[in-house]
Amino acid sequence: MVRNWVGQWRGIAVAAALVVAGMQQATAADIQSVTQNEPPVAASGPWQIRLRALGVITDDKGNVNGIPGSDLSYSDTVTPELDISYYFTDNVAAELILGTTYANIYGEGTISGLGKVGKVWVLPPTLTLQYHFTDFGAFKPYVGAGLNYTIFYNQDAGSADALHVKNTFGGALQVGFDYMLDQHWGVNFDVKKLFLKPKFDVTVGGTNLTGKAKLNPWLIGTGITYRF
């Protein structure tokens, strides 16, 4: 009888072992199947675009050569801005900044009687080299410096007989941050300073004059970021 019990328990143990082994194989197969069916996590690429609303605030300085006490001021504007960035590393990127706006030019000081001298449209494509700090999680501050070439177009004289503001190069400084909501989308805040002092020719009352417009605008923007 003892031998029968031993044989029965031995059979039960072998059967249980086979069941457990089968369950382990099925579980492993299920896990592998689920893993293979899961979509891969999207990885951020080296490209980034931003769309901002941009406030342009000028320095309101300038002069007409040969007229003591002459000064100039300019209208401030709000305009959309698009920029495209490429990351060479996690920390180093280049950014091309694109946007256009207009500036009304007013006589000030001893030429304040001229009122609105004219209006010009401004296109200042700017290229900056940036350093991005990556030790703050979703908060990603950066600093940058670069160069812009500003094009003045659609120039209209107001109280002047004729006005021509000349295209010019200028420097640029930049500071800002992205706050990333996920691997692709984020919000951005950015401040740039352009060093912009174009020369101009103007004709007033039949007299040809020259001068310098010291715009030096602050560009303060906020918007959305997309990394891909």
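Conventions used here
Residues numbered from 1 in each chain as written. Predicted model: local features only at pLDDT ≥ 70, side-chain atom pairs only at ≥ 80, totals over all residues. Heavy atoms only, no water. Helix = DSSP H or I, 4+ residues; strand = E, 2+ residues; numbered from the N terminus. Buried < 20%, exposed > 50% of the residue type's maximum accessible area, 1.4 Å probe, protein only. Contact = heavy atoms within 4.5 Å. Polar contact = N/O pair within 3.5 Å; in protein donor to acceptor, adjacent residues only side chain to side chain. Core = buried A, V, L, I, M, F, W, Y, C linked by side-chain atoms within 4.5 Å. Pairing = 2+ DSSP bridges. Axes fitted to C-alpha atoms, helices over the stretch in contact; angles between N-to-C directions. Phe/Tyr/Trp six-rings, centres within 6.5 Å; stacked < 30°, edge-to-face > 60°. Lys NZ or Arg CZ within 6 Å of the ring centre and 35° of its normal.

Asks: Which parts of the structure should I look at to understand the overall build of the protein?
Replies: Looking only at helices and strands, the protein has one helix and 15 strands in total. Counting over 228 residues, the protein shows a buried share of 35%. Within the protein, contacts between residues at least 6 apart in sequence are counted, and of these 66% link residues at least 24 apart.

Asks: Teacher, can you tell me more about the side chain of Ser73 here?
Replies: Looking at where Ser73 falls in the secondary structure, it is placed in strand β3 (residues 70–74). By relative accessible area, which is 12% here, Ser73 ends up buried. Of the polar contacts made by the side chain of Ser73, one reaches the side chain of Glu108; its length is 2.7 Å. Non-local contacts of Ser73, meaning those with residues more than four positions away in its chain, are made with Asp60, Asn104, Ile105, Tyr106 and Glu108.

Asks: Just to check I follow, could you spell out the nonpolar core for this structure?
Replies: Most often, soluble globular proteins keep nonpolar side chains buried together rather than apart. If you look at the biggest cluster of nonpolar residues, it comprises 18 residues, and the most contacted ones within it are Leu72, Ile105, Val120, Leu163, Val165 and Phe200. Those elements giving two or more residues to this core turn out to be β3, β6 (101–109), β7 (116–123), β10 (162–165) and β13 (199–204). With three residues, the top contributor of residues to this core is β7. Among all residues touching Val165, those that are not within four sequence positions of it are Ile105, Val120, Phe152, Gln155, Pro198, Lys199 and Phe200.

Asks: Mind showing me how you'd approach the sheet that holds β10 here?
Replies: Strands pair in a sheet through their backbones, by hydrogen bonds, and they do so in one of two ways: parallel or antiparallel. Overall, antiparallel pairing links the four strands, which are arranged β2-β14-β13-β10 in an open sheet. With one partner strand each, in any of the chains shown, β2 (61–64) and β10 form the two edges of the open sheet. Adjacent strand axes in the sheet meet at a mean angle of 20 degrees, parallel and antiparallel pairs treated alike. In this structure, β10 lies alongside β13, joined through four bridges in antiparallel fashion. Bridging from a neighbouring strand, His164 pairs with Asp201 of β13.

Asks: What exactly am I supposed to notice about unusual backbone geometry here?
Replies: The general pattern is negative phi for most residues beyond glycine and trans for most peptide bonds. One non-glycine residue, Asp60, adopts positive backbone phi at about 60 degrees. Located in the positive-phi region is Asn216, a residue other than glycine, with phi close to 40 degrees. Within the element layout of this structure, Asn216 appears in the loop between β14 (207–214) and β15 (218–227).

Asks: Please explain the packing of aromatic side chains as it appears in this structure.
Replies: For any pair of aromatic rings, the description rests on two quantities: the centre-to-centre distance and the angle between the ring planes. Considering all chains together, one arrives at eleven aromatic pairs under this definition. Between Phe177 and Phe189 the ring centres are 6.1 Å apart and the planes differ by 35 degrees, which places this aromatic pair in the tilted class. You can see Phe177 sitting in strand β11 (residues 168–180) and its partner Phe189 sitting in strand β12 (residues 185–195), a full twelve residues away along the chain. A relative accessible area of 34% means that Phe189 is categorised as partly exposed. Clustering of aromatic rings is evident, with ring pairs tying together Phe136, Phe139, Phe177 and Phe189. One residue, Lys119, lies across the ring of Tyr102, its end atom 4.6 Å from the ring centre. Lying across the ring of Tyr87, Arg227 places its NZ or CZ 3.8 Å from the centre.

Asks: I would appreciate a short explanation of the pairing of strand β9 (residues 139–157) in the present structure.
Replies: Looking along a regular strand, one sees side chains alternate from face to face of the sheet. Strand direction decides the pairing type here: β7 and β9, joined by five bridges, are antiparallel. Looking across to β9, one finds that Leu123 is bridged to Ile151. Summarising the sheet, strand β8 (residues 126–132) and β9 pair through seven bridges and their orientation is antiparallel. The residue bridging Tyr131 from the neighbouring strand is Val143, located in β9. Counted between consecutive antiparallel strands, the loop separating β8 from β9 contains six residues, among which Gly137 sits at a positive phi close to 65 degrees. Across twelve bridges, the pairing between β9 and β11 is antiparallel. In the sheet register, Leu147 faces β11, and the bridge partner there is Gly171.

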